[in-house]
Each structure stands twice: as C-alpha cells, then as structure tokens.
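# Structural characterization, general
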Amino acid sequence: MALFGSLFCRLVLGFVIVFLFLPILIVLTVSFSSSAVFAFPPPGFSLRWYASLANADSMLQAVWLSTQIAALSTAISLVLGTLCAIAITRGMIPGAKVVATFMASPLMLPGLVLGIAFLQAARDFGLRDTYSTLLIAHVVITMPFIMRTVLASLSLFDFAMVDAARMLGRSYPAALWTVLVPNILPGFVSGGLFAFIASFDNYPVSIFLVDVRTKTLPIQLLNQVEMSPDPTVAAISALLILGTIAALIVCDRLVGLKRMASI
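Residues numbered from 1 in each chain as written. Predicted model: local features only at pLDDT ≥ 70, side-chain atom pairs only at ≥ 80, totals over all residues. Heavy atoms only, no water.

So, about the overall build of the chain. If you tally the helices and strands in the chain, you get 12 helices and 0 strands. What you see in the chain, going N to C, is helices and strands ordered as α-α-α-α-α-α-α-α-α-α-α-α. For the chain, the spread of C-alpha atoms along the three principal axes comes to 70 × 65 × 35 Å. Residue burial in the chain is summarised as follows: out of 263 residues, 37% are buried. Here the analysis covers contacts within the chain between residues at least 6 apart in sequence; of these, 70% occur between residues at least 24 apart. (Helix = DSSP H or I, 4+ residues; strand = E, 2+ residues; numbered from the N terminus. Buried < 20%, exposed > 50% of the residue type's maximum accessible area, 1.4 Å probe, protein only. Contact = heavy atoms within 4.5 Å.)

Have a look at this one:
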C-alpha cells in the first residue's frame, strides 16, 4: 500500500512538472521555427524571428516602457514598503494589523476591479498623463509584495540588537546597516524580484490606463497576436523566460534561493 502511494505521488508530481514546463518548452521551440505562422513541431529551425526583433520598433518601445515602469515602481515600493514594514513591526502606528491588511488588499482584489478603480480615480483627480498614471498604479500593485516579505523577515528580529550595536560604538546608520539590513535582505530581494515581475507582466490593470502611443509589453504582445501573429511573440517570450532564469541565478548568488524561499 505504501509502495502504491509512493508511485501515485511520483506520477502526480511528474504530471504537474510536465503540465507546468511543457508550455514553456513549446514557446522556446516555436521561437526557433522557420515557419511564418505558429507551428509545432516546427518544419525547420531558424533565428529569423530573433533577428526581426531589432526592427520591431513598437515591440522594443513596449519593452523599454515596461522596464522603466517596473524598475521605478519597484524602487519606490522598496523604500515605502520597507519603511511601512518597520513601522508596523515596531508598533509605531496605531492599528498596525489593520494597516498591514489594508496594504495587502491590492493582492486580494481582482486586477480588472483595480484597473477600473484606477481609471476612475485618474479621471477624478484630473491625471491625464499616461506614464504617471501607470507608475502610480504599479506602485500600489507592487508595494504589498515588499511589505509582506519584509514583514516576514522582521517577524523574528529583535530591534534591541540595533541598540546594542549603538552601545558598542556604532552610529545609528551603521548599526542599521550591520544589524538590520542582513536580516531583511532576503525579504527585500525576493520582494523586489516578485514586485518587478508583477509590474512587468501586469495586464489587467494596465489595459485601462494605456493609450495608443503608450503601451506596455503585455498589451503590445496581445495586439501583436490579434493583428499579425507570428513567432516574433514566441521569440520575445523566450527572451523573457531566459531573463527570469538569469534573475533567479543572480538572486541565488547574492542571497540564496533557499534563504529567500524560507521567508
């Protein structure tokens, strides 16, 4: 009976792995296709779709816009989310648990609801600049990732250690750098990584805030699939997959994936 259960668990695990990774393998394979349409298995292999990205101005502009929005929103969220987590942990604000739940609410609401709410709020406040509206919306989306992961890192941290470091001759900034930062670094990095990915790949909120000249990459990819589908979409998707893998490798070298996963 135990042997049967073990075999069943292995089969289920294998099915889950195939279910998760097979679409990625198909996208990677199609990106090297010589066919002008999506075809799997490809009739031949070619790098033409990667070469065509150099001339895809609209796609490159969308990549650059998404990168800017994701980087800026993540940077702002890292500062605000970390400060908010420290204030909640130290009890510096009344109703800390209520505030923590409220700050995490963007993760609980459907993206379409948030998108409509941001659109209405932008109209009410007279905010007509697409870039600024996207940036503000993405900060609201990404900040809960940083706040929650840093909160988890601070859950077992004793702030008396900072005072002890000051008593040993450290200045307050130096005490924070040598005592606090190493403890929150895993949550800081993992939260920043998740925040960047969440912003870069966001579609349901961004669709309500973009215009004809300002489109993020997910929206531009959808337009490409609808208007002129070709393996260029697969090529840029393959590059995004490789970029995600590279980011994970860098995080593993800097912090360690096991340490990040323990948050």
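Within the largest apolar cluster, 23 residues are counted, with the highest numbers of intra-cluster contacts made by Ile88, Met147, Leu154, Phe157, Phe159 and Leu180. Taken together, the elements giving at least two residues each to this core come down to helix H3 (57-89), helix H4 (96-103), helix H7 (130-154), helix H8 (160-167) and helix H9 (172-200). Apart from the residues within four sequence positions on either side, Leu154 is in contact with Ala85, Ile86, Thr89, Phe159, Leu180 and Ile184. Counting 13 residues, the second-largest nonpolar core is a separate cluster that includes Leu65, Leu134, Ala137 and Ile219. (Core = buried A, V, L, I, M, F, W, Y, C linked by side-chain atoms within 4.5 Å.)

Okay, the environment of Tyr50 next. Relative to the elements of secondary structure, Tyr50 occurs in helix H2 (residues 48-52). In sequence terms Tyr50 and Pro144 are 94 residues apart; their C-alpha atoms lie 35 Å from each other. Setting aside residues up to four positions removed in sequence, Tyr50 forms contacts with Ser31, Phe32, Ala235, Ala238 and Leu239.

Quick look at the confidence of the model for the chain now. Averaged over the chain, the pLDDT score is 79; the fraction of residues at 70 or greater is 92%. The spread of mean pLDDT over the elements of the chain runs between helix H12 (residues 257-261), the lowest at 54, and H3, the highest at 87. (pLDDT = per-residue confidence, 0-100.)

Turning our eyes to something else, we now look at the environment of Leu119. Considering the arrangement of structural elements, one finds Leu119 in helix H6 (residues 111-124). With a relative accessible area of 26%, Leu119 lands in the partly exposed category. Distance in space between the C-alpha atoms of Leu119 and Val212 is 16 Å, their sequence separation being 93 residues. The residues contacting Leu119, other than those within four sequence positions of it, are Phe208 and Leu209.

Moving on, we get to the packing of aromatic side chains. Inspection of the entire model under this criterion finds 1 aromatic pair. Here Phe196 and Phe200 contribute two aromatic rings whose centre-to-centre distance is 5.9 Å and whose plane-to-plane angle is 20°, an arrangement assigned as stacked. With a gap of 4 residues between them, Phe196 and Phe200 both fall in helix H9, about one helical turn apart. For Phe200, a relative accessible area of 10% puts it in the buried group. (Phe/Tyr/Trp six-rings, centres within 6.5 Å; stacked < 30°, edge-to-face > 60°.)

Quick reminder: α-helices carry 3.6 residues per turn. Residues three or four places apart thus point the same way. Here H4 has its buried residues at Ala96, Ala100 and Met103. Projection of H4 onto a plane perpendicular to its axis shows the buried side chains occupying an angular sector of 65°, all on one side. Exposed side chains of H4 directed beyond 90 degrees from the buried face belong to Lys97, Val98 and Phe102. As for H4, its buried residues are in contact with H3, helix H5 (105-108) and H7. (Arc of directions from axis to C-beta.)

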